[in-house]
Amino acid sequence: MALIPSQVLRVAILLSYFSIICHYKALDMPAHQTYGGSWKFLTFIDLVIQAMFFGLCVLIDLSSLLTKGGDSREQERQLRKLIGLRDWMMAVLAFPVGAFVVFTFWTLYLYDRELVYPKLLDNFIPQWLNHGMHTTVLPFIIIEMRTTHHRYPSRQWGLAAVCCFGIGYILWTCWVHQVTGVWVYPVLERISHLARLVFFTVMTAFICVFYQLGEILNNYIWSHTEKVKGE
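These figures come from a predicted structure and were not determined experimentally. (Residues numbered from 1 in each chain as written. Predicted model: local features only at pLDDT ≥ 70, side-chain atom pairs only at ≥ 80, totals over all residues. Heavy atoms only, no water.)

**Section: the environment of F140**
No. 1: By the secondary structure assignment, F140 is in helix α6 (residues 137-147).
No. 2: C-alpha separation for the pair F140 and F54, spaced 86 residues apart in sequence, amounts to 9.8 Å.
No. 3: In contact with F140, other than residues within four places in its own chain, are I13, S16, Y17 and F54. (Helix = DSSP H or I, 4+ residues; strand = E, 2+ residues; numbered from the N terminus. Contact = heavy atoms within 4.5 Å.)

As structure tokens, then:
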């Protein structure tokens, strides 16, 4: 038996995301006052995705508890729909986007933080909040993957959905630049048009790689778990 029930973990993680989002939105940052506000940053979009995902997980836990012992086929059908949506969100959004944000942020940060998170931001964003946005996302989603078996869609459709998300965000970034004349991330200001195209292509490929890594990790965890149970 787990030391902490998975249902309690999900509630705790959901509350932590609410806290992080509220603290982030309360920051008096110039970037929040410009076109697109917080929504032009992938980090903020990812926080919303994670909060929605864990909110859905908590809703499913509550629904399962309330319908336990019941014989309503309609309730079971609705619950299965929620579970299907949860699994799709895990596969297509929560894991690949979360892992992508953590990996790309810290890679660029360690190389040259001015490319992605200028030192000036330390005056606005406390260290704990930075880690809440860019570090704890990955362990939280791995905890969820470890405690619940998620069924992935076919790889073809899953990758297509991830690509649509990635391309959609790139187009949104370009539109913000078109309107404001400023790129969302400093790294995009420092490279040529061709390098920018290559950068966007590589980033889209990376998020697809994270989708496949999530699928592999999910299959490994649960095939190993079922093997241990069988023994």
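**Describing the packing of helix α4 (residues 73-112) against helix α7 (residues 155-180)**
No. 1: α7 packs onto α4 with a crossing angle of 45° between their chain directions and a minimal axis gap of 10 Å. One way to sum up the angle between α4 and α7 is to call them oblique. Between α4 and α7 lies a crossing of right-handed hand. Between α4, through W88, V92, L93, P96 and V97, and α7, the contact on the second element is made entirely by G158, A161, V162 and F165. (Axes fitted to C-alpha atoms, helices over the stretch in contact; angles between N-to-C directions. Parallel < 35°, antiparallel > 145°, perpendicular 65-115°, else oblique. Left-handed = near helix turned anticlockwise from the far one by under 90°.)

**A closer look at the layout of surface pockets**
No. 1: Each pocket or cavity is described by its volume, and for the largest pocket that value is around 950 Å³.
No. 2: Along the wall of the largest pocket there are 45 residues; nearest its centre are F41, V116, V184, Y185 and P186.
No. 3: Among the secondary structure elements, those contributing two or more residues to the lining of the largest pocket are α2 (30-33), α3 (42-67), α4, α5 (127-134), α7, α8 (186-189) and α9 (193-230).
No. 4: The greatest single-element share of the lining of the largest pocket, amounting to 7 residues, is contributed by α7.
No. 5: Looking at side-chain class alone, the lining of the largest pocket contains 36 nonpolar, 8 polar and 1 charged residues.
No. 6: As a volume, the second largest pocket reaches approximately 210 Å³.
No. 7: Forming the walls of the second largest pocket are Q7, V11, V58, D61, L62, S64, L65 and K68.
No. 8: Those elements that provide at least two residues to the lining of the second largest pocket are α1 (6-25) and α3.
No. 9: Of the residues forming the lining of the second largest pocket, the biggest block, 5 residues, is contributed by α3.
No. 10: For the lining of the second largest pocket, the residue count by class is 4 nonpolar, 2 polar and 2 charged. (1 Å grid on protein atoms, 1.4 Å probe; cavity = no way out; pocket = protein on both sides within 12 Å on 5 of 7 lines; lining within 4 Å. Points joined across faces, edges and corners; volume = space filled by probe spheres on them. Nonpolar A, V, L, I, M, F, W, Y, C, P; charged D, E, K, R; others polar.)

**A closer look at the confidence of the model for the chain**
No. 1: Counting all residues, the mean pLDDT for the chain is 91, and 94% of those residues have values of 70 or more.
No. 2: Looking across the chain, the model is least confident in α2, with a mean pLDDT of 85, and most confident in α7, with 96. (pLDDT = per-residue confidence, 0-100.)

**Focus: the side chain of T204**
No. 1: Within the element layout of this structure, T204 appears in helix α9.
No. 2: For T204, the contacting residues outside a window of four places in its chain are C163 and I170.

**Concerning the nonpolar core**
No. 1: In this structure, Y17, F53, F54 and Y185 are the most contacted members of the largest nonpolar core, which totals 68 residues.
No. 2: Residue contributions to this core peak at 17 residues, all from α4. (Core = buried A, V, L, I, M, F, W, Y, C linked by side-chain atoms within 4.5 Å. Buried < 20%, exposed > 50% of the residue type's maximum accessible area, 1.4 Å probe, protein only.)

**Examining the packing of α1 against α6**
No. 1: Orientation of α1 relative to α6, taken along the N-to-C sense of each, is 155°, at an axis distance of 11 Å. In terms of their interaxial angle, α1 and α6 are classed as roughly antiparallel. The hand of the α1/α6 crossing is left-handed. Contacts between α1 and α6 pair S6, L9, R10, I13, S16 and Y17 from the former with V137, F140, I143, E144 and T147 from the latter.
No. 2: A per-class count over the contact of α1 with α6 returns 6 nonpolar, 3 polar and 2 charged.

**Side note on the packing of aromatic side chains**
No. 1: In the structure shown here, the tally under the stated rule is 17 aromatic pairs.
No. 2: With centroids separated by 4.9 Å and ring planes inclined at 85°, the aromatic side chains of W39 and F44 adopt a geometry described as edge-to-face.
No. 3: On the basis of relative accessible area, W39 is assigned to the partly exposed category, the value being 44%.
No. 4: Overall, F44 belongs to the buried group, its relative accessible area being 4%.
No. 5: An aromatic cluster is defined as three or more aromatic residues linked by ring pairs; in this entry it consists of Y17, F53, F54 and F140. (Phe/Tyr/Trp six-rings, centres within 6.5 Å; stacked < 30°, edge-to-face > 60°.)

**Quick look at the pattern of salt bridges**
Side-chain pairs of opposite charge can arise whenever the charged atoms involved come near each other.
No. 1: Counted according to the given criterion, the structure contains 6 salt bridges.
No. 2: Salt-bridge contacts for R190 lead to D112; the nearest nitrogen and oxygen are separated by 3.6 Å. Remark: D112 occurs in helix α4 and R190 occurs in the loop between α8 and α9; sequence separation between them is 78 residues.
No. 3: Accessibility expressed as a relative area gives 53% for R190, which makes it exposed. (Salt bridge = Lys/Arg side-chain N within 4 Å of Asp/Glu carboxyl O.)

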